[in-house]
Amino acid sequence: MHQPRHPRKTVAARRQGAHPLAFAALIAANVMLAFGSWFVRMADTGPVASAFWRIAIATPVLLALAMAGGWRPARIGRRLWVLFALAGLCFAADLGSWHIGILKTSMANATLFGNSAILFFPVYGFLALRTWPSRAQAIALALAAIGAALLMGRSYQLDSRHLAGDLLCLLAGLLYTFYFIIMARVRLTMAPLPALALATGASVLPLLALALLMGERIWPHDWTPLIALALVSQVIGQSMLIYALGQMTPLVVGIALLVQPVVAATVGWLVYDERLGGADLIGAALVAVALVLVRQPEPEPEPATLAPADTGPR
């Protein structure tokens, strides 16, 4: 088991200039993650079943990578097992609601709302520290709320089913926040890759149970989209994101996250002819500005124990 890094050293490292390779990995990770919604649409299983295969295929690969990096299974305390179980349930619920939402809204909206955890997590920080947001943070949250309202309002005007998909993806973002909070605790005592591997594995059975309960088709005819989903989004994308998160400042990460909805919207336009209206563009721009503002470095709290886990968005 790896020793936890001191929070002050972690924050200091992120504020220092990072190697260009880290920035390249950050951009590539967001491009990879943006293709997840397309792979879900291409899969010939149910949406929750595709989430199950994403995790089931990725888990042994992540475990192998963790062990190749020097990690070895060791005695894990009861508290950590409980946290992994909770993280697995949150991640399973997150993926399940997000994958269903992907089929009910545009790819751009699904990607944007599915990654809204970076807006929810600061709210948790404000409540936990019993403090009010700064002026910049308050402006960011207000812009995000207005932008989300414009995006969902436009979706409802065009097709009421889009509003349901937007809300499901927004729920996924909230569940992903709970996953972040739990994994922040886990990351105090474990390195990122083995922690990610074990939390990922803990979501396999809940996703399978949910897919069976919903009566979805489990076994695919075409494995290509599912393998691509597991390797591109879960293994490659999140692994590169974890590597970059430890070296880049929050501001840079926040700006880079905007690559995901841009790529997803481009794919949706080219493949599904999903064109954005003026309200959608304004809403997306407001949310984008909010994402940048909310990820700007703030003075480090005392004690510094609420830093987001190195798990990253999907």
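Residues numbered from 1 in each chain as written. Predicted model: local features only at pLDDT ≥ 70, side-chain atom pairs only at ≥ 80, totals over all residues. Heavy atoms only, no water.

1. Describing the packing of aromatic side chains
Point 1. For the structure on display, the rule yields nine aromatic pairs.
Point 2. Pairing W53 with W223 gives two aromatic rings, centres 4.7 Å apart and planes at 80°, and the pair type is edge-to-face. One end of the pair, W53, is in helix 4 (residues 47-68); the other, W223, is in the loop between helix 11 (204-213) and helix 12 (224-245), with 170 residues separating them in the sequence.
Point 3. The class for W53 is buried, based on a relative accessible area of 11%.
Point 4. Taken together through their ring pairs, the aromatic side chains of F52, W53, W219 and W223 make up a single cluster. (Phe/Tyr/Trp six-rings, centres within 6.5 Å; stacked < 30°, edge-to-face > 60°. Helix = DSSP H or I, 4+ residues; strand = E, 2+ residues; numbered from the N terminus. Buried < 20%, exposed > 50% of the residue type's maximum accessible area, 1.4 Å probe, protein only.)

2. Considering the environment of M240
Point 1. Among the secondary structure elements, M240 is positioned in helix 12.
Point 2. Exposure remark for M240: the relative accessible area of 22% places this residue in the partly exposed category.
Point 3. When the C-alpha positions of M240 and F23 are compared, they lie 10.0 Å apart, and in sequence the two are 217 residues distant.
Point 4. The contacts of M240, once residues within four sequence positions are left out, are A25, A28, A29 and M32. (Contact = heavy atoms within 4.5 Å.)

3. Description of helix 4
Point 1. Compared with the 32 Å implied by 1.5 Å per residue over 22 residues, the 32 Å span of helix 4 between its first and last C-alpha is a close match.
Point 2. Along helix 4, the sharpest kink reaches roughly 30°, centred on A58 and followed within four residues by the proline P60.
Point 3. Of the residues one or two after helix 4, G70 is the one with positive phi, at around 110°. (Expected span 1.5 Å × (residues − 1). Bend = angle between axes of the 7 residues up to and from the residue.)

4. Some remarks on the confidence of the model for the protein
Point 1. Per-residue confidence for the protein gives a mean pLDDT of 76; residues scoring 70 or more make up 68%.
Point 2. Scored below 50 in pLDDT, residues 1-17 shows 33 contacts in the model against residues more than four places distant or in partner chains. (pLDDT = per-residue confidence, 0-100.)

5. Concerning a nonpolar patch on the surface
Point 1. A cluster of nonpolar side chains, namely M42, W269, L270, V271 and Y272, defines an oily patch on the protein surface of about 490 Å² accessible area.
Point 2. The biggest single contributor to the nonpolar patch is helix 14 (residues 259-272), with four residues.
Point 3. Counting through the fold element by element, W269 comes out in helix 14.
Point 4. According to the relative accessible area criterion, W269 is partly exposed, its value standing at 45%. (Patch = residues over 30% accessible without salt bridge, like charges linked within 9 Å, V, L, I, M, F, W, Y side chains within 5 Å. Areas by Shrake-Rupley, 256 points an atom, 1.4 Å probe, with all protein chains shown as cover. Salt bridge = Lys/Arg side-chain N within 4 Å of Asp/Glu carboxyl O.)

6. Details of the packing of helix 4 against helix 10 (residues 192-201)
Point 1. Orientation of helix 4 relative to helix 10, taken along the N-to-C sense of each, is 155°, at an axis distance of 9 Å. With respect to helix 10, the element helix 4 is oriented roughly antiparallel. The way helix 4 lies across helix 10 gives a crossing that is left-handed. Packed against helix 4, whose contacting residues are I55, T59, L62, L63, L65 and A66, the element helix 10 presents L193, P194, L196, A197, L198, T200 and G201 at the interface.
Point 2. When the residues that make up the contact of helix 4 with helix 10 are grouped by side-chain class, the tally is ten nonpolar, three polar and no charged. (Axes fitted to C-alpha atoms, helices over the stretch in contact; angles between N-to-C directions. Parallel < 35°, antiparallel > 145°, perpendicular 65-115°, else oblique. Left-handed = near helix turned anticlockwise from the far one by under 90°. Nonpolar A, V, L, I, M, F, W, Y, C, P; charged D, E, K, R; others polar.)

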